[in-house]
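Summary of the model geometry
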Amino acid sequence: MRNIIEIEKVAKFYGDFAALTDIDLNITEGEVVCVIGPSGSGKSTLIRCINLLETYAEGGTIRVDGIPVEAGPNLDQVRAEVGMVFQSFNLFPHMSVLKNVMLAPMRVRKSSSKDAEAKALDLLKRVGISEQADKFPGQLSGGQQQRVAIARALAMEPRVLLFDEPTSALDPEMVGEVLDVMRTLAGTGVTMIVVTHEMGFARQVADRVILMNGGQIVEAGTPEQIFDAPKEERTRDFLSAVLNH
Amino acid sequence: MDLFETFFNVPVLVRTFPLLISGLIVTLQIGITSIVSGLVLGLGLALVRMYAPAALRLPVMIYIDIFRSIPLLVLLIIVYYALPFIGIRLSPFLSAVVALTLVSGAYTAEIFRAGIQAIPKGQFEASRALGLSYKDMMVDVVLPQAIKIVIPPLTNNCINVMKDTALASVVAMPDLLKQATQAQALAANPTPLIGAAIIYLAFLWPLVTLVSRFENRLNQRGA
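A short tour of the structure in this document, coming up. (Residues numbered from 1 in each chain as written. Chains lettered and ligands numbered in written order. Predicted model: local features only at pLDDT ≥ 70, side-chain atom pairs only at ≥ 80, totals over all residues. Heavy atoms only, no water.)

Here we take up the pairing of strand 9 (residues 208-213) of chain A. All names here are of chain A. Summarising burial for strand 9: five of the six residues are buried, a large majority. Both strand 9 and strand 10 (residues 216-221) contribute to a ladder of five bridges, which runs antiparallel. Across the sheet, residue M212 finds its bridge partner in strand 10, namely I217. Where strand 9 hands over to strand 10, the hairpin turn is made up of two residues, of which G214 adopts a positive phi near 55 degrees. (Buried < 20%, exposed > 50% of the residue type's maximum accessible area, 1.4 Å probe, protein only. Helix = DSSP H or I, 4+ residues; strand = E, 2+ residues; numbered from the N terminus. Pairing = 2+ DSSP bridges.)

The following block contains the structure:
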């Protein structure tokens, strides 16, 4: 399997504080990777570097499908291949649900509005929102909004999907519906990197689980390796803290 | 002669009314031209002020501060009476429009900046993550949301520009105020001045109440 994402020696500093240090990570096409770890461990910062919502320090490189992720003419192309789902949905509140999903394909891929609409309706059906296509984001529940956000990201037919704590802002009863959509997606062969606190989801869906702490990757492995036989002390500490409550 | 005869002399008003109307048309021409060019200038300045490299941002910040500080009347007189000394001769109409636009652009820039900065960071991030170009992000996502926020203060600014057009009478522009003062001199009666005041009120009062209504609606939505 070829690498769709190659991260080499990536670091990020806020003044003197090292948010990320010396990250090396390759992700193969179609892989589902869950990134876990305590708050402030650099999980979100790491995936936000992959589409350059955060810059990273000189000396490191990130490549998506061989294209370096850096400011410049290639950046929009990289971003078009990398979809992102945010903790706070970030839907466009002044557009209908349908228009939210149609916008980027029309502007970036130059799809006709007919094609974009057909695809958007199809995607909204896949995430179970087709009834709400003409509503505005403010009229939907959090879980519905997040599913629209997933459809919006999928409309660009990205090679990679980044999820930045997609269920952390949701009421508990809505977490399931969003995770269900993500679970279905994981079966379709799209590469997914999911920053999450949902250990059950990570164990069940991930091909690989990465544990971060203090801006570093502490341990990476299959869900069985990480959850059942963690090698590192810090992994054991974190897991016992999140699993035994 | 009683008070009514002096200030609301109907024959005088009827006689001078065409003059006042021609003045009103000039006033509207100056006002609308300045408002539209001030909006364009202001949007451009706001975008440069926020997103351009530092070397461009600084002069724009200085521009905005200067033109918000200088009294409009002083600026107008400089444009009309001082610039000819360096060979720039503008008609009274252009002088008024230039002075009003320069000042209105500075205020409008600050209004647009506040509006754009009120848009949550997540909207920019979502646009960029989708691969939208800077232009598409601004046109499709940011500005439509910012417009709603800036409409009340922009309308306020329009009212101010409209009121300030009266200063054009100083540079011999036959606007509403100038026509009224001339008519007053001709008729030896102040009724045309009162007429002009009423005309100003008649088209600016509705705008003022409109702003209040916008603001109330925004407040309700915010609550």
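A few words now on the packing of helix 2 (residues 10-51) of chain B against helix 3 (residues 54-69) of chain B. Residues and elements named next belong to chain B. Two elements in contact, helix 2 and helix 3, have axes separated by 8 Å at closest approach and are oriented at 135 degrees. Classed by the angle they form, the pair helix 2 and helix 3 counts as oblique. Considering the relative orientation of helix 2 and helix 3, their crossing is left-handed. Residues L41, L45, V48, R49 and M50 of helix 2 form the contact with helix 3, whose own contacting residues are L56, R57, V60, M61, Y63 and I64. (Axes fitted to C-alpha atoms, helices over the stretch in contact; angles between N-to-C directions. Parallel < 35°, antiparallel > 145°, perpendicular 65-115°, else oblique. Left-handed = near helix turned anticlockwise from the far one by under 90°. Contact = heavy atoms within 4.5 Å.)

With that settled, consider the side chain of B:D175. All names here are of chain B. When you line up the elements, D175 lands in the loop between helix 7 (134-164) and helix 8 (176-187). It is K178 that comes nearest to the buried, bridge-free D175 among opposite-charge side chains, at 7.6 Å. A polar contact is formed between the side chain of D175 and the backbone nitrogen of K178, at a distance of 3.0 Å. (Lys, Arg positive; Asp, Glu negative; His and termini not counted. Salt bridge = Lys/Arg side-chain N within 4 Å of Asp/Glu carboxyl O. Polar contact = N/O pair within 3.5 Å; in protein donor to acceptor, adjacent residues only side chain to side chain.)

Moving on: the pairing of strand 7 (residues 160-164) of chain A. Residues and elements named next belong to chain A. Counted residue by residue, strand 7 has five buried out of five residues, so it is predominantly covered. Burial along strand 7 is two-sided: the residues V160, L162 and D164 and L161 and F163 are all buried. Here four bridges tie strand 6 (residues 82-85) to strand 7, and the two strands are oriented parallel to one another. Paired with M84 across the two strands is L162, which belongs to strand 7.

Residue-level contacts link 17 residues of chain B with 23 residues of chain A. Both sides of the chain B and chain A interface together cover about 1,600 Å² of buried area, and 58% of this is carbon and sulfur. Of all residues in chain B, B:R128, B:A129 and B:L130 bury the most surface against chain A, accounting for 34% of the area lost on that side. At the junction of chain B with chain A, the criterion picks out two salt bridges. Salt-bridge contacts for A:R48 lead to B:E125; the nearest nitrogen and oxygen are separated by 2.6 Å. The tally of links from chain B across to chain A stands at six residue pairs in polar contact (both at pLDDT 80 or more). Those elements that place two or more of their residues in the side of chain B that touches chain A are helix 6 (121-129) and helix 7 of chain B. Of the residues forming the side of chain B that touches chain A, the biggest block, seven residues, is contributed by helix 6 of chain B. (Buried area = accessible area lost by both parts, 1.4 Å probe.)

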